[in-house]
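Observations on the three-dimensional arrangement
Each chain, letter by letter, is given below.
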Amino acid sequence: MAEMADVDIRDLTIEYASGGYVVRPIDHLDLTVQSGELALLLGASGSGKTTVLSALAAILRPASGTIRVGDVDVTGLHGAALTQYRRHQVGVVFQTFNLVPSLSARDNVQAPLWAARMPARQARTRAEELLDRVGLRERLGHRPGGLSGGEQQRVAIARALAHDPPLVLADEPTAHLDYIQVEGVLRLLRELAEPGRIVVVATHDERLLPLADRIVHLSRPVIGESRPPERLSYEPGEVVFEQGARSDLVYTIEDGEIEIVRQRVDGTEELLALLGPGRYFGELGPLFGLRRSATARAVKQAAVTGYTARDFRDLVGSARIAEAIRRASP
Amino acid sequence: MWRVALRDLQWRRRRFVIAVLATSLVFGMTLLMTGVNASLYNEGRRIVAAVGADAWLVASGAPGPFTTSTPIPAAAADRVAAVPGVVRADPLVILHSTMRLPAVRDVNIIGAPPGGLGAPPLATGRAVAASGEVVADTALGLRPGDRIELSGRQLEVVGLADRVTYYFGTPTLFLALQDAQALAFDGQPLAVAIVTEGIPRGAPPGLEVLSNRQARVDLERPLASGTQSIAFINALLWLVAAGIIGSIVYLSALERQREFAVFKATGASNRSLLFGLALQAVVLSAAAAVLAVGIARLLAPGFPFTIEIPPQAFPRLLGVAVLVGLVASAAGLRRAVGVQPALAFGGP
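These notes cover the structure that comes with them. (Residues numbered from 1 in each chain as written. Chains lettered and ligands numbered in written order. Predicted model: local features only at pLDDT ≥ 70, side-chain atom pairs only at ≥ 80, totals over all residues.)

Right, let's talk about the packing of helix α2 (residues 13-51) of chain B against helix α9 (residues 313-328) of chain B for a bit. Residue and element names in this part refer to chain B. It is at 11 Å that the axes of α2 and α9 come closest, and there the two elements cross at 140°. The angle between α2 and α9 falls in the class oblique. Judged by the sense of rotation from one axis to the other, the crossing of α2 with α9 is right-handed. Contacts between α2 and α9 pair F27, T30, L31 and T34 from the former with A313, L317 and A321 from the latter. Within the contact of α2 with α9, the residues separate by chemical class into five nonpolar, two polar and no charged. (Axes fitted to C-alpha atoms, helices over the stretch in contact; angles between N-to-C directions. Helix = DSSP H or I, 4+ residues; strand = E, 2+ residues; numbered from the N terminus. Parallel < 35°, antiparallel > 145°, perpendicular 65-115°, else oblique. Left-handed = near helix turned anticlockwise from the far one by under 90°. Contact = placed C-beta atoms within 7 Å. Nonpolar A, V, L, I, M, F, W, Y, C, P; charged D, E, K, R; others polar.)

And the structure:
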């Protein structure tokens, strides 16, 4: 295993285009994981867990911020250095196992070694050692179709360890497993987080919480706490909240005018709504723990009151929440 | 990564076997087409060689001995024999006719003076020595001693010659000059050409000297549109083969997108993935080419005339097949290059 230092993520923002709009699943994320730790990225679907893993695997390039894995600035890698990093520094256990159906368990583990031009005999020995380690000694020649979900997941873990990488990433490792299979996979992941190696697991499965040395919540609890309403004033052009930002409050307009706009990939904006006094906006994000899907900006001088999702629900009542969702502004 | 490509071939073997079978049929057809063209060329070469002449003299302006419609006096052979460079000169009559065996068969007829030029190498029997005798192509199924009727004339088969056919395998009968003149010119002492032993260093007035190659060109001219059509069909068949291979490789690339994404995400180079896909195309093409040889040999006897596939056509088929496979797999290769490793994570 290569010498391992910490994983250090600083001010990470990731954006990509989706449906013609800019989506920012990760907005100014900071995270440090130390050697030997197992970090859990916990969050609902769409909260950006997999996106962080992709960035750690040097597959997605962030819009801003830095990722350092040991001495390597992952965000600055290109060409051969990028290939070497993907090949030797990081091992990925994909969500749906992503084993190659035409290859046996042994060949699936050997494939990354073949890609690195390891001699055939050496690759075979290494693959068999790894499959032995994950308890699949007897299933070397089976293709994925002949393996259970848990066995496939273990083959995927063995494949991720092919080059003995210091960083192992696992995306929803329990998503397709029953509870008996989950147990074996959890034990394996925990064992991997040994001195010299870091394991980062993305999951929405809270059963994994006891496993973790470090937990990062990527989505806020839905319908959180109650606190006194905030009265806020905005000058014309001032932003109330920005597309892609974390959602916290639902706003009602006391005075002035607020425009809701969505940023397109080409840099232009689409006007979604122009709201005046008595209207509310920004309710979906806090209610469902989602990021802001549009930007709210004062057109004229405006005064708004911000409520937590819990207070907003209490204010309008459950029946009106459904109505609010129907005619929702972001 | 070549192992992954070969394992994938094994995994999808049913599809690849079907593709190989379909492609091999197409390749087999190209081999047969090549054989047809080669046969036409070889027929011309053989029949001209069978006459045994060094030069051919025809009426000035005539296209050649096989297609001329301008006869010349047979006695012109004497004038030609006197031209320097000529050792011997004989008149020749060439025509096309039919006979009953008992079904009507098309035959080519070449008439030459007994003992002169224009007598083919014999497979069995003897050469024509007098009027009323004939040497026949073995393709007619006759034997020495058989009697045939040709436009009301009774002839006796005295010898057989092998592979003396032209115009798509039409067999040739070699007759005495006067019998051929009777059939072609109602007995007038005419000829279509004077053939010589030795190359004349000039031509008597009204005659023109042609080489053996020019005589062959004359023979092949009426077949040009046929051979061009065959070449065109051959090109179309290559396109069909490319289409089969290309679609199989493209389909494979489409189905393996996530696999490619995983390989890229785990540090496999684009080049190694492309090599794997190209290898599949080459294996498919090469297997189809090898099978095509068997198919062509199996089907060739079913053609109404002898298909002569030149030996060099087999390695050439393999080479062109590999090239076609590589070109056809371009779309699949492009697809593989375009796969984003992020796909391995299921998005974005």
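This part takes up the sheet that holds strand β4 (residues 64-69) of chain A. All names here are of chain A. A sheet is described by the order of its strands in space; here four strands give the open sequence β2-β1-β4-β5, paired in antiparallel fashion. Strand pairing shows two members of the sheet lacking a second neighbour, β2 (21-33) and β5 (72-73), which therefore form its edges. Relative to β4, strand β1 (residues 7-18) runs antiparallel, the two being bridged by five bridges. Bridged to V7 within β4 is V69. Contacts from helix α1 (residues 49-56) reach β1, β2 and β4 within the one sheet, and its direction differs from that of β2 by about 70°. (Pairing = 2+ DSSP bridges.)

Further remarks concern the environment of V100 of chain A. Mapped onto the fold, V100 of chain A is located in the loop between β6 (90-93) and α3 (105-115). Taking C-alpha positions, V100 of chain A is 24 Å from K49 of chain A, a pair spaced 51 residues apart along the chain.

Many authors give the size of an interface as the accessible area that is lost as the parts come together. At the junction of the two partners, chain B supplies 23 residues and chain A supplies 27 residues. Residue assignment for the side of chain B that touches chain A shows that the elements contributing at least two residues are α1 (2-11) and α7 (257-265) of chain B. It is α1 of chain B that provides the largest number of residues to the side of chain B that touches chain A, a total of six residues. Taken together, the residues of the side of chain B that touches chain A sort by class into 12 nonpolar, six polar and five charged.

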